Amino acid sequence: MAVPDSRPASGPASEPFRGEVPRYLRVAAALRDDLVRRALEPGSRLPSERSLAQRYHVNRQTVRSALQLLREERLVVTDRRGTFAAAGPDGGEAPPATPPAVASAARPVFPGGPRAAEALVRATLGWEPPPTALAGRLHLAPGEPTLVHRHTVLAPQGPELQRAVSWFSRPALDEIPQLGRYRRTRSCVHQPDLRLLYHWMRQAGLRATHRESVRVPPGPVGTGGAARLSVHRVVSDQHGHVLEVTDIDFSAREAAWTYEYSL
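Below you will find a few notes about this structure. (Residues numbered from 1 in each chain as written. Predicted model: local features only at pLDDT ≥ 70, side-chain atom pairs only at ≥ 80, totals over all residues. Heavy atoms only, no water.)

## Digging into the overall build of the protein chain
Now for step 1: Regarding its fold elements, the protein chain presents eight helices and nine strands.
Now for step 2: Classification of the 263 residues of the protein chain by burial places 45% in the buried group.
Now for step 3: Long-range contacts, defined as pairs at least 24 residues apart, comprise 60% of the intrachain contacts of the protein chain with a sequence gap of at least 6.
Now for step 4: Here the protein chain displays about 14,000 Å² of accessible surface, and carbon together with sulfur accounts for 53% of that area. (Helix = DSSP H or I, 4+ residues; strand = E, 2+ residues; numbered from the N terminus. Buried < 20%, exposed > 50% of the residue type's maximum accessible area, 1.4 Å probe, protein only. Contact = heavy atoms within 4.5 Å. Areas by Shrake-Rupley, 256 points an atom, 1.4 Å probe, with all protein chains shown as cover.)

## Let's talk about the packing of helix α1 (residues 23-36) against helix α2 (residues 49-56)
Now for step 1: At a closest axis distance of 11 Å, the pairing of α1 and α2 adopts a crossing angle of 105°. In this view, α1 runs roughly perpendicular relative to α2, as classed from their interaxial angle. Here Val27, Ala30, Leu31 and Asp34 of α1 lie close against α2, whose contacting residues are Leu52, Arg55 and Tyr56.
Now for step 2: In terms of residue class, the contact of α1 with α2 is built from five nonpolar, no polar and two charged. (Axes fitted to C-alpha atoms, helices over the stretch in contact; angles between N-to-C directions. Parallel < 35°, antiparallel > 145°, perpendicular 65-115°, else oblique. Nonpolar A, V, L, I, M, F, W, Y, C, P; charged D, E, K, R; others polar.)

## Considerations on the sheet that holds strand β9 (residues 242-251)
Now for step 1: Ordered by their spatial adjacency, seven strands build an open sheet running β6-β3-β4-β5-β9-β8-β7, and the pairing between neighbours is antiparallel. The sheet terminates laterally at β6 (189-190) and β7 (209-215), the two strands that pair on one side only. (Pairing = 2+ DSSP bridges.)

## Focus on the packing of α1 against helix α3 (residues 60-72)
Relative orientation and spacing of two packed helices are given, respectively, by the angle between their axes and the distance between those axes.
Now for step 1: Running from N to C, α1 and α3 point in directions that differ by 55°, and their axes come no closer than 8 Å. When the interaxial angle is binned, α1 and α3 end up oblique. Every pair of crossing elements has a handedness; the one defined by α1 and α3 is right-handed. Along its contact with α1, which presents Arg23, Tyr24, Leu25, Val27, Ala28, Leu31, Arg32 and Leu35, the element α3 presents Thr62, Ser65, Ala66, Leu67, Leu69 and Leu70.
Now for step 2: A breakdown of the residues in the contact of α1 with α3 according to their chemical character gives 10 nonpolar, two polar and two charged. (Left-handed = near helix turned anticlockwise from the far one by under 90°.)

Shown next as C-alpha cells:
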C-alpha cells in the first residue's frame, strides 16, 4: 500500500501535510493493512527501516515512529534480529487486528478525541501567559508565559467542528521531555503533532487522572441552529499536580464525545 508524498524524504519526520494526518500515522496504516491482509505472514520479518523509508518516501525516524505504534498495538515485535509480524498465542495465527477506526477510538487522543484524526486540523503551539485564574493551578507566576496549544477541527465542507485551547503547567514541561524540548524555541509552531501526549505522560512515569465536565454554554446556538457543547478537562499526575488544562468547544450536531478512564 503506497503512501503518497509530494515532499522530499529529508523533511522533518513528524511534520504532517497541512490539514492531513502525520506521515508516521499513514505509514503505520499502510503496514497495518499489510498485516491484516496477511501480505506479511505471522512470524515473517518486515523489510528494514531503510527499505521502508524508501518505499514510503519518508525518513527513517518516521518509520521508527510508525513501528513503535504497531508494537504498542501488538501487531509487530522487535528483537536484535529485526522487526517481525506478531504471532498469536499458539505461535501461528496473528492476533485479530483492530480496525483502524476502533484503534483510534480506543487510544486516548489529545486534544479533541478520535474525530480530530479524521478531519482537517489547524493547530499551533506558542508561548502565552494563561488567564490569571489558571496561573496558580499551572504553578506559574502571574503573567508568566507557558506552552499553549490551539487546535481547530474543520469538516471537509469547511464548517468548524471543534475548537480547543490547552495550557501546560510547569510540572508538565519539567517531566515530559517531548514537551520540554519546546522550551528551546519560543517561535510559533504550526501543525504540531501532540496526539501521543498521554502516551508520553505514561513514558515519563506519570499516572494521569483526567477530570472532564461537559456543559451547554449560554448564548446563541452554532451554525445551522445546532447546540454547542463545551468540555473542560483537567489532567493531573499521581501527586495532584495539574499537567494540562484544556477547553474544547464543539457543535453537538456535528461531533460526539467519548469518555475513557482507568481505575
